[in-house]
Amino acid sequence: MKINKVIGYQVLDSRGRPTVAAAISLTDGSVHTARVPSGASTGKHEAKELRDTGSKFAESFYGGLSVAQAVANINEKIAPKLVEEQIDLNLVDAQLIELDPSADHSSLGANATLAVSLAASLATAHSQNKSLARYFSPDGPLQIPMPMVNILSGGAHANRTMDIQDILVVPVGAKTFTQALSWIVAIREMAAKLGKEDGKVTNLIADEGGLAISFTSIEKACEFVVTAIEKVGLSVGSQVSLALDIAATQFYDGNNYNLSTMGKSYNRSEYLQFIKSLVSNQPIISIEDPFAEDDWQSWQEFSSQMPAKLQLLGDDLLTTNLDRLNRAIAEKSANAILIKPNQNGLVSATLNVLKQARANNFNTVVSARSGESEDSWLADLATGWSAGQIKVGSTHGSERNAKWNRLLEFEATENTKFLNPFN
Ligand code: 2PG
Ligand code: MG
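Keep in mind that this is a model prediction, so the values were computed, not measured. Per chain, the residues get numbers from 1 upward, laid out in the order the sequence is written. Chain letters start at A and ligand numbers start at 1, both assigned in the order the entries are written. Residue-level local features of this predicted model are given only where pLDDT is at least 70; pairs of side-chain atoms are given and counted only at 80 or more, and the full residue set underlies all totals for whole chains, interfaces and linings. Only hydrogens and water are set aside; all other atoms, that is, all heavy atoms of the structure, feed into the side-chain values.

**Student:** Can you break down the site of ligand 1 residue by residue, with the values?
**Tutor:** The cutoff for a nearby residue is simple: one of its non-hydrogen atoms must lie within 4 Å of the molecule or strand. The immediate surroundings of ligand 1 are formed by 15 residues, with A40, H157, R369, S370 and K391 found nearest. Two N or O atoms form a polar contact when they lie within 3.5 Å of each other; inside protein one atom must be a possible hydrogen donor and the other a possible acceptor, and for residues adjacent in sequence the pair counts only when both atoms belong to side chains. Contacts to ligand 1 include Q165, whose side-chain N or O atom sits 2.8 Å from an oxygen atom. Within the side chain of D245, an N or O atom sits 3.2 Å from an oxygen atom of ligand 1. Computed on the free molecule, ligand 1 has an accessible area of 310 Å², of which 99% lies beneath the protein chains in the complex. Here, Shrake-Rupley sampling with a 1.4 Å probe gives the accessible areas, and only protein chains in the shown set may cover a residue.

**Student:** An account of the sheet that holds strand β14 (residues 388–393) is requested, with residue identities and associated values reported.
**Tutor:** Spatially, the eight strands close up into a barrel ordered β5-β6-β7-β10-β11-β12-β13-β14, and their pairing is mixed. Going across the sheet, the axis of each strand differs from the next one's by a mean of 25 degrees, ignoring polarity. The pairing criterion is simple: DSSP has to find at least two bridges between the two strands. Numbering of helices and strands starts at the N terminus; helices are DSSP runs of H or I of at least 4 residues and strands are runs of E of at least 2. The sheet contact formed by strand β12 (residues 336–339) and strand β13 (residues 363–367) spans four bridges and is parallel. Looking at the pairing, I339 lines up with V366 of β13. Should any heavy atoms of two residues lie within 4.5 Å, those residues are counted as being in contact. A fitted line through C-alpha atoms represents every axis, and for helices the fit uses only the stretch in contact; the resulting angles, taken between N-to-C directions, go from 0 to 180 degrees. Against the sheet, helix α11 (residues 347–359) makes contact with β12 and β13, and its axis sits at roughly 165 degrees relative to β12, the strand it touches most.

**Student:** Describe in detail the environment of A212, supporting the description with residues and values.
**Tutor:** One can find A212 in the loop between α5 (177–197) and α6 (218–231). Think of it in three bands: with a 1.4 Å probe and only protein chains considered, a residue is buried below 20% of the maximum accessible area for its type, exposed above 50%, and partly exposed in between. A relative accessible area of 7% means that A212 is categorised as buried. Residues A212 and G29, spaced 183 residues apart in sequence, show a C-alpha to C-alpha distance of 45 Å. Dropping the residues within four chain positions of it, A212 is found in contact with S153, A158, T161, V201, L204 and A206.

**Student:** An account of the domain arrangement of the protein chain is requested, with residue identities and associated values reported.
**Tutor:** What the domain assignment lists for the protein chain is domain 1 (3–129) and domain 2 (142–418). Domain ranges listed in this record stem from an automatic or a database domain assignment. For domain 1 versus domain 2, the separation of C-alpha centres amounts to 27 Å. Facing 31 residues of domain 1, the contacting portion of domain 2 comprises 30 residues. Summed over both partners, the accessible area (1.4 Å probe) lost when two parts come together is defined as the buried area. Carbon and sulfur atoms supply 52% of the area that domain 1 and domain 2 bury against each other, a total of about 2,500 Å² over both sides. We count a salt bridge whenever a side-chain nitrogen from Lys or Arg sits within 4 Å of a carboxyl oxygen from Asp or Glu. Our enumeration of links across domain 1 and domain 2 arrives at five salt bridges. Measuring nitrogen to oxygen at the nearest pair gives 3.0 Å for the salt bridge that ties D294 to K44. Here domain 1 and domain 2 share 22 residue pairs in polar contact (both at pLDDT 80 or more) between them. Elements with a minimum of two residues in the side of domain 1 that touches domain 2: β3 (31–35), α2 (89–99) and α3 (110–127).

See the structure below:
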């Protein structure tokens, strides 16, 4: 089957900011569309999304954030190259690399390349009469990932109500995804209720649908979520554990880690002690970005001293980038990687990063961004790639629930297995 048309256009993400969409039409008349997500706490080593800021293309009503140049790159540079070619994800990605050989896709824009690469994945799956998940995983049960779900938000997603970005829960004792999600919804509801009883503001919803509640310490925030878990009748540790996304790059100034809402500033070694005591005092099974994106030394020191079973997850550190992952493998800086397609810019290259991580015994967590769309391809990728874990934000907002609902759909309609990397 061949490509008939490729069209790029601008749409809005869940924060109301412009983002890139691409539609690929095939010779059988079908149309395959994908929209690209966008981060707020972005790492400096991510592939470069092209925004019109400061250029003559900038649409002033979007505060310079419009994506006209990325869209033009799809329509004027990418489309002519792809039309009348066979539809095949790997061929499309190879053409995109030929058009823009830069490692960070800065010439076409990673938002342009990813939109086309995603639409090409959906179109390729269709040409083989398969869902996207089944395209990557044609045989046997579909491997549903363990969810890691946001309950409390801070940092760049919630006007810095807390210094750290997320306190999440992982339903490690659930037997099915359906059961896991029902536990999480109950915990989130309980947290909202407890917050209200404490006189805290709980009607502020953060970018990823979590509760934006202020706490004077990270421990207090963890204890609050632990209470919510217990109050719904679940046991902490055996059924539900905590995960943190510290997003420490956001409060590191090159010398000190400044936890300003707690009124604390730590130098590197004090901060390392602080993180060590946090993970030993709280029921935390996964900690993401506890150190800044280029503070490799702290990552390595912590990793050699931390509890053996802790998942040490690199997001801003690794940015779904093969070279940075290889360095982390060599230096034993982490034992898990967050996989975000838009940090990388191509679907096939994102999969290669995931495979390299898995070959080196890293856990893999496929992740949404804080700016999302109603698309559910992320759930297909996490499942088709047998990633083991997925992070989508909270259970609030249709851009989040589109992904959870897709996983519920798999469990209801397909032969599936619910993965538990923490067993
Ligand atoms: C993260 C993501 C998603 P953002 O840090 O893991 O929570 O946030 O998309 O803003 O980078
Ligand atoms: Mg993160």
